[in-house]
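Each chain is listed here by its residues.
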There are 2 protein chains.
Amino acid sequence: MTLDCSREAERLRRAGLRPTRQRAALAALLFTDCVRHVTAEALHAEAEAAGEHVSLATVYNTLHQFTEAGLLRQVTVDGTRTYFDTNTGDHHHFYREEDGMLVDIESDGIAVVGLPEPPDGSRVERVDVVVRLRKR
Amino acid sequence: MTLDCSREAERLRRAGLRPTRQRAALAALLFTDCVRHVTAEALHAEAEAAGEHVSLATVYNTLHQFTEAGLLRQVTVDGTRTYFDTNTGDHHHFYREEDGMLVDIESDGIAVVGLPEPPDGSRVERVDVVVRLRKR
DNA sequence: GTGTTTGCAAAGTGTTTGCAATTTA
DNA sequence: TAAATTGCAAACACTTTGCAAACAC
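These remarks concern the structure in this document. Residue numbers run consecutively from 1 along every chain, following the written order of its sequence. Chain letters start at A and ligand numbers start at 1, both assigned in the order the entries are written. For this predicted model, a pLDDT threshold of at least 70 governs which residues receive local features, and a threshold of 80 or more governs which side-chain atom pairs are given and counted, while totals over whole chains, interfaces and linings are taken from all residues. Side-chain measures were taken over the full set of non-hydrogen atoms in the model, leaving aside hydrogen atoms and water.

Concerning the packing of helix α2 (residues 21–30) of chain B against helix α4 (residues 56–68) of chain B
All names here are of chain B.
Reasoning step 1: Every angle, taken between N-to-C directions, lies between 0 and 180 degrees, and every axis is a line fitted to C-alpha atoms, over only the stretch in contact when it is a helix. Numbering of helices and strands runs from the N terminus; a helix is a DSSP stretch of H or I covering at least four residues, while a strand is a stretch of E covering at least two. Two elements in contact, α2 and α4, have axes separated by 11 Å at closest approach and are oriented at 70°. One element, α2, and the other, α4, form an angle in the roughly perpendicular class. Relative to α4, the crossing made by α2 is right-handed. Across the interface between the two elements, Gln22, Arg23, Leu26, Ala27 and Leu30 from α2 touch Thr58, Val59, Thr62, Leu63, Gln65 and Phe66 from α4. Reported orientations rely on four angle classes, namely roughly parallel under 35 degrees, roughly antiparallel over 145, roughly perpendicular from 65 to 115, and oblique for the rest. The sense of a crossing depends on the near helix, which, turned anticlockwise from the far helix by less than a right angle, makes the crossing left-handed and, turned clockwise, makes it right-handed. Note on definitions: a residue-residue contact is assigned when non-hydrogen atoms from the two residues lie within 4.5 Å.

Structure below.
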């Protein structure tokens, strides 16, 4: 239940962020071996459960700082909550509305073909594909 | 500036909705000849500008009723606001974050290839493609 | 020490809800 | 007149912000 934050200070410094207790704790929760999708509320609850008190406002601020630093990627699939994805590479998502489950789809081999040219003075910043799932 | 609601009562009845003054006014604004993307706030403002008073709560309720009735389609591109699209057919979107502009991409010719099988007990309900744009 | 970060509580935004009054059929 | 619909204001969920106290370097 106790967090191992020993490697997090270095990761934070490399990202240009001061290694505070709160940031290290959240980083330790986020940057485990496997890819994670979290909401601010959920991460806050996890931190509390791990015995690290971090205010919800700080969780929000930290998630945004991590996103700006390129450690996280924000995902919009549902108007009511914001997800943060530890997979910052090029990929898409499966999304199951009933339980809010989010699963990465690596973009190897997947492609969107036949897209028209972007309008007038615009360029494509990113193409997001969300595959919405229902229980069978 | 005055709305022509003469054809709306019939449209609403066909959709199984009672043709009230408010619904007819909103329908007249929405179901013009061209495809529209509106937020509740924006539609509310339009109705006021056209001299039809409809409360914001009723605009929200009506947009959801129209969506359930298959007259509209809800689009999630931005966590902060919900868009409603009068194009209910199979299509995707260009989205420009800077001004919230939303443009349909008809799905003729466009395809997402190489999608993996959906996980365990799920089936694909819909595939949403959002092409995020930036000013060039 | 000095500038950064945190926590709290308050404010904000977009949306939903409870309920009495009104409207539709 | 019975049932559906509306408007208002209050409630809501999620997120952001202001500012004094705490912390990092």
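From this point, things continue past the structure.
Thoughts on the protein's contact with DNA strand C
Reasoning step 1: One heavy atom within 4 Å of a molecule or strand makes the whole residue count as near it. Every one of the 18 residues lining DNA strand C counts as a neighbour, but Thr20, Gln22 and Thr58 of chain A together with Tyr60 and His64 of chain B are closest to it.
Reasoning step 2: When atoms of DNA strand C within 4 Å of the protein are split into backbone and base, the sugar-phosphate part holds 83%.
Reasoning step 3: Pairing of N or O atoms within 3.5 Å defines a polar contact, subject to two protein rules: one partner must be a possible hydrogen donor and the other a possible acceptor, and residues neighboring in sequence count only if both atoms are side-chain atoms. Separating a phosphate oxygen of DNA strand C from a side-chain N or O atom of Arg23 of chain A is a distance of 3.1 Å.
Reasoning step 4: Taking His53 of chain A, its side chain carries an N or O atom lying 3.4 Å from a phosphate oxygen of DNA strand C.
Reasoning step 5: Listing elements by their share of the surface near DNA strand C, those giving two or more residues are α2 (21–30) and α4 (56–68) of chain A together with α4 and β3 (81–85) of chain B.
Reasoning step 6: Top contributing element to the surface near DNA strand C by residue count: α4 of chain B, with 4 residues.
Reasoning step 7: Residue polarity is assigned by list, with Asp, Glu, Lys and Arg as charged and Ala, Val, Leu, Ile, Met, Phe, Trp, Tyr, Cys and Pro as nonpolar; anything else, Gly included, falls into the polar class. For the surface near DNA strand C, a count of residues per class yields 5 nonpolar, 9 polar and 4 charged.

Examining the protein's contact with DNA strand D
Reasoning step 1: The immediate surroundings of DNA strand D are formed by 18 residues, with Tyr60 and His64 of chain A together with Thr20, Gln22 and Thr58 of chain B found nearest.
Reasoning step 2: Of everything in DNA strand D that lies within 4 Å of the protein, sugar and phosphate atoms constitute 85%.
Reasoning step 3: Residue Arg18 of chain B places a side-chain N or O atom 3.3 Å away from a sugar or linking oxygen belonging to DNA strand D.
Reasoning step 4: Note that a phosphate oxygen of DNA strand D is positioned 3.0 Å from one of the backbone N or O atoms of Ser55 of chain B.
Reasoning step 5: Elements with a contribution of two residues or more to the surface near DNA strand D: α4 and β3 (81–85) of chain A together with α2 and α4 of chain B.

Quick word on the packing of aromatic side chains
Reasoning step 1: For this analysis, a ring pair means two rings from Phe, Tyr or Trp (six-membered ring only for Trp) whose centres lie within 6.5 Å, classed as stacked if their planes differ by under 30 degrees, edge-to-face if by over 60, and tilted for the remaining angles. Evaluation of the coordinates by the stated rule reveals 4 aromatic pairs over all chains.
Reasoning step 2: Between Phe31 of chain A and Phe66 of chain A the ring centres are 5.8 Å apart and the planes differ by 35°, which places this aromatic pair in the tilted class. With Phe31 of chain A in the loop between α2 and β1 (37–38) and Phe66 of chain A in helix α4, this pair connects stretches of sequence that are 35 residues apart. Phe66 of chain A carries the same exposure label as Phe31 of chain A, and that label is buried.
Reasoning step 3: Consider the rings of Tyr83 of chain B and Tyr95 of chain B, whose centres lie 6.3 Å apart with planes at 75°: the pair is edge-to-face. Taken as a pair, Tyr83 of chain B in strand β3 and Tyr95 of chain B in strand β4 (residues 91–96) lie far apart in primary sequence, 12 residues in all.
Reasoning step 4: Under the scheme applied here, a residue whose accessible area is under 20% of the maximum for its type counts as buried, over 50% as exposed, and between as partly exposed, the area being computed with a 1.4 Å probe on protein chains only. Residue classification places Tyr83 of chain B among the buried residues on the basis of a relative accessible area of 5%.
Reasoning step 5: On the accessibility criterion, Tyr95 of chain B (2% relative accessible area) is buried.

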